[in-house]
Amino acid sequence: MSSVRVRFAPSPTGFLHVGSARTALFNWLYARHVGGTLVLRIEDTDVERSRHEWTEGIQTTLRWLGLDWDEGPYFQSQQFDRHLQVAQQLLEGGAAYECFCTEEEINARYEARKAAGPADPGYDGHCRDLSVEERARLAGEGRPRSIRFRTRDEGVSTFTDVIRGEVTVPWSTIPDFVIVRTSGAPVFYLANAVDDADTGITHVIRGEDLTDTTHRMLALRDALGVSDRPTFAHLPLLVGAGRSKLSKRHGAIAMEDFADKGYLPGALVNYLGLLGFSMPPAEDGTSREIASLDEMAEAFDLARVSPSPAFFDYDKLNWMNGEYIRALPTEEFVGQALPFGEARYGDRLDRVAFAGAMAIAQERATTLASAADSAWFLFVPEEDFAIADESLERLRSTERVGEILAAVADHLESCEWTIEGVDLRPVLEKLEIKPRKGLPAVYAAVEGTHAGLPLFDSILLLGRERAVRRIRAALALVT
Ligand code: GLU
Ligand code: ZN
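Computed from a predicted structure; not experimentally measured.

Analysis parameters
Numbers given for residues are sequential positions, taken from 1 along each chain in its written order. Here every chain gets a letter starting at A, and every ligand a number starting at 1, in the order they are written. Side-chain atom pairs in this predicted model are given and counted only at pLDDT of 80 or more, local residue features only at pLDDT of at least 70, and totals for whole chains, interfaces and linings cover all residues. The basis for the side-chain values is all heavy atoms of the structure; hydrogens and waters are excluded. Segments assigned H or I by DSSP are reported as helices when at least four residues long, segments assigned E as strands when at least two residues long, and all are numbered from the N terminus. As a reference, a globule follows 2.2 Å times the number of residues to the power 0.38, and the radius of gyration itself is taken over C-alpha atoms. Only protein chains enter the accessibility calculation, which uses a 1.4 Å probe; a residue whose area is less than 20% of its type maximum is buried, one above 50% is exposed, and one in between is partly exposed. Contacts: residue pairs with any heavy atoms within 4.5 Å of one another. With residues, only the protein chains shown are counted as cover, and all accessible areas are computed by Shrake-Rupley using a 1.4 Å probe. His is not counted here, nor are the chain ends, while Lys and Arg score as positive and Asp and Glu score as negative. A single reference atom marks each charge: NZ on Lys, CZ on Arg, CG on Asp, CD on Glu. For Na, K and Ca the donor cutoff is 3.2 Å, while for all other metals N, O and S atoms must lie within 2.8 Å; water is not among the atoms, so some sites may look incomplete. Every geometry call rests on angle ranges, with four donors termed tetrahedral when all angles are between 85 and 135 degrees, four termed square planar and six termed octahedral when opposite donors are over 155 degrees apart and all others are between 65 and 115, and everything else termed irregular. For this analysis, a ring pair means two rings from Phe, Tyr or Trp (six-membered ring only for Trp) whose centres lie within 6.5 Å, classed as stacked if their planes differ by under 30 degrees, edge-to-face if by over 60, and tilted for the remaining angles. Proximity is defined per residue: any heavy atom of the residue falling within 4 Å of a molecule or strand makes that residue near it. Polar contacts, as counted here, are pairs of nitrogen or oxygen atoms within 3.5 Å of one another; within protein the pair requires one atom able to donate a hydrogen and one able to accept it, and residues that are adjacent in sequence qualify only if both atoms are side-chain atoms. When residues are sorted by character, Ala, Val, Leu, Ile, Met, Phe, Trp, Tyr, Cys and Pro go into the nonpolar class, Asp, Glu, Lys and Arg into the charged class, and all the rest, Gly among them, into the polar class. We call a set of buried Ala, Val, Leu, Ile, Met, Phe, Trp, Tyr and Cys residues a nonpolar core when their side-chain atoms join them within 4.5 Å. Throughout, an axis means a line fitted to C-alpha atoms (over the contacting stretch in the case of helices), and angles, computed between N-to-C directions, take values from 0 to 180 degrees. The sense of a crossing depends on the near helix, which, turned anticlockwise from the far helix by less than a right angle, makes the crossing left-handed and, turned clockwise, makes it right-handed. For this quantity, the arc is that covered by the directions from the helix axis to the C-beta atoms. For salt bridges, the criterion is a side-chain nitrogen of Lys or Arg within 4 Å of an Asp or Glu carboxyl oxygen.

**Q** I'd like a rundown of the overall build of the protein, residues and numbers included.
**A** The secondary structure content of the protein amounts to 21 helices and twelve strands. For the protein, whose C-alpha radius of gyration is 31 Å, the value lies well above the compact-globule estimate of 23 Å for 479 residues. Once the C-alpha set of the protein is aligned to its principal axes, its extents read approximately 100 × 55 × 40 Å. The buried share of the protein, taken over its 479 residues, is 49%. Look at the contacts in the protein between residues 6 or more apart in sequence, and 76% of them connect residues 24 or more apart. Accessible surface, the protein: about 22900 Å² in total, of which carbon and sulfur atoms supply 50%. Charge-centre separation for the protein: the mean point of 52 positive side chains lies 3 Å from the mean point of 73 negative side chains.

**Q** For the coordination of the zinc ion (ligand 2), give the residues involved together with the corresponding values.
**A** Summarising the metal site, the zinc ion (ligand 2) is bound by the protein donors Cys-99 (SG), Cys-101 (SG), Tyr-123 (OH) and Cys-127 (SG), whose distances to it range over 2.0 to 2.3 Å. Note that the zinc ion (ligand 2) binds four donor atoms; their angles at the metal cover 100 to 121 degrees, and the shape is tetrahedral. Read in sequence order, the donor residues coordinating the zinc ion (ligand 2) give the pattern C-x1-C-x21-Y-x3-C. Of this pair, Cys-99 sits in strand E4 (residues 96-99) while Tyr-123 sits in the loop between helix H4 (103-116) and helix H5 (132-140), placing them 24 residues apart in sequence. Each member of the pair, Cys-99 together with Tyr-123, is buried.

**Q** Explain the packing of aromatic side chains to me, and be specific about the residues and the numbers.
**A** Applying the stated criterion across every chain, the model contains 14 aromatic pairs. Measuring from centroid to centroid gives 5.3 Å for Phe-26 and Phe-300, while their planes differ by 70 degrees, and the two rings are edge-to-face. Taken together, the positions of Phe-26 in helix H1 (residues 18-34) and Phe-300 in the loop between helix H10 (293-299) and strand E12 (310-311) put the pair 274 residues apart, joining distant regions of the chain. Both residues of the pair, Phe-26 and Phe-300, belong to the buried class.

**Q** Tell me about the site of ligand 1, and please be specific about residues and values.
**A** The environment of ligand 1 is made up of Arg-7, Ala-9, Pro-10, Ser-11, Glu-43, Phe-188, Asn-192, Arg-206 and Leu-210. A distance of 2.6 Å separates a nitrogen atom of ligand 1 from a polar atom in the side chain of Glu-43. Asn-192 is positioned with one of its side-chain polar atoms (N or O) 3.0 Å from an oxygen atom of ligand 1. Alone, ligand 1 offers 300 Å² of accessible surface; in the complex the protein occludes 80% of this. Across the shell around ligand 1, the residue classes tally to four nonpolar, two polar and three charged.

**Q** Give me the nonpolar core: which residues, what numbers.
**A** Residues Phe-258, Phe-312, Met-358, Leu-412, Leu-424 and Val-442 are the most contacted members of the largest nonpolar core, which totals 114 residues. Top element by residues in this core is H1. It accounts for nine residues. Once you skip the residues sitting within four places of it in the chain, Val-442 turns out to touch Ile-404, Leu-405, Val-408, Leu-424, Leu-455 and Ile-471. Counting 21 residues, the second-largest nonpolar core is a separate cluster that includes Val-169, Tyr-189, Met-217 and Ala-219.

**Q** Give a description of the packing of helix H17 (residues 401-414) against helix H19 (residues 435-447) that names residues and reports values.
**A** Axis separation between H17 and H19 bottoms out at 10 Å; the angle between their running directions is 65 degrees. Crossing hand, H17 versus H19: right-handed. Residues Val-401, Ile-404, Leu-405 and Val-408 of H17 lie in contact with H19, whose contacting residues are Gly-438, Ala-441, Val-442 and Ala-445. The residue makeup of the contact of H17 with H19, split by class, is seven nonpolar, one polar and no charged.

**Q** Describe the environment of Arg-348, naming the residues involved and giving the relevant values.
**A** Along the chain, Arg-348 falls in the loop between helix H12 (330-345) and helix H13 (351-361). The residues contacting Arg-348, other than those within four sequence positions of it, are Phe-379, Val-380 and Pro-381. A polar atom in the side chain of Arg-348 sits 2.6 Å from the backbone oxygen of Phe-379.

**Q** I'd like a description of H13, backed by residues and values.
**A** Those residues of H13 not exposed but buried are Ala-353, Phe-354, Ala-357, Met-358, Ile-360 and Ala-361. Angular distribution of buried residues about the axis of H13 spans 165 degrees; they occupy a single face of the element. Projecting away from the buried face of H13 at angles above 90 degrees are the exposed residues Arg-351 and Val-352. Tucked inside the fold, the buried residues of H13 contact H12, helix H14 (368-373), helix H15 (376-379) and helix H20 (455-462). The opening residue of H13 is Asp-350, an N-cap whose side-chain oxygen sits 3.0 Å from the backbone nitrogen of Val-352.

**Q** An account of the pattern of salt bridges is needed here, citing residue identities and associated values.
**A** Pairing is possible between side chains of opposite charge, provided their charged atoms come close. Under the defined criterion, the tally for this structure stands at 32 salt bridges. Here Asp-195 and Arg-41 are joined by a salt bridge, their closest N and O atoms 3.9 Å apart. Separated by 154 residues along the polypeptide, Asp-195 in helix H6 (residues 188-198) and Arg-41 in strand E2 (residues 37-42) bring together distant segments of the chain. Given a relative accessible area of 5%, Asp-195 falls into the buried group. Residue Arg-41 is classed as buried on the basis of its relative accessible area, which comes to 3%. Taking the shortest distance from any N to any O, the salt bridge between Arg-137 and Glu-141 comes out at 3.1 Å. Judged by its relative accessible area of 47%, Glu-141 is partly exposed.

Here is the structure:
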């Protein structure tokens, strides 16, 4: 066992976001690579927004992804007394002070400064040097009381980030900040810094959005006399199309949504592992992308993580998920797709037909959900079957579509009911129509879409009666 201790510290205020899942993964990969300890810490300082269900959901999702942890979950809320004790210690030592300002007063003073010239937003240090008497008077007025940490006025704060190099900001840009709210609750910065120090965290691996807060946490550690610093690695931001911060409008971002859409956990962690990290090339020099958790852990190196924003490419994830789907034994794929089929088709689902449909869907599937969707034409009540608009358009504009559908229906009515028997290419050839031109109309008639599961297998699965009926119904639409 190495002495490395890392932590994943989600706030349980919602579903596990893909950015957080990537953070969890990189902590896991690093811990497993060096044989260190991964701690799970639930940062539930925001009691109002934290929910037990989210805490459970995060753990369920981590397990689903195959990410285990060695210690925890620890709950930040259970350390409140400790956080407040530390705040008291800072107060007594003069590193922190009581502030009696209201939100409105702070804003009004900022507006006044701004009117007089360029001004820094944020707190102006108003209560820094109140005398004992003034404090007693303000408290006596029943004013709100928070505790603020006193930051330096001059000089710079610097730390070295494994991914970003030296990160430096002038102290003048960091105003005195609140560490205990007027409600008496400790603030994130304080809780985060104290918990990391108390649990001996050696490496802080987290999202780039927290880079700025690191200066505050380090100042708190210094004030507490914690002399060593953890190593920091701030992971690159995830961006979507347009290079903007990944958000709902780009696509799914909650891990639960990816599960609902039928992404395989192995494919997801593989893809997440490539967001900022790249596998070293294989021995023969070829680049490697498909890798299991263990393979990624073996190759993982914080020094290989790039500081530039990582593009979340849904198409690439779909491709990768398809690769994982194709790598499954067909029976297993069918088994995994089954709950998706049951959710869609309920009692109408016929397991044998479904297995047949999945066997032909596997080759081109991207997700379990879309594979299950592609079997719709088999389980839809006949009276609800309809051809999708775009496909109907395609069908109507097919040259000699009436002749094609009539000939296909006649053929299917009497042909041998085998995969060779339902091969429609000779039927079209007899009409001197290229299959490529004529068959999309038949797809549309049978499956409701011109780009569905392989046609001849689908016709067999559907059965002679329904197949012929649908083709004759389509014929009626065009004549
Ligand atoms: N609880 C913070 C969040 O979910 C993470 C804090 C950290 O990793 O230091 O954004
Ligand atoms: Zn104040």
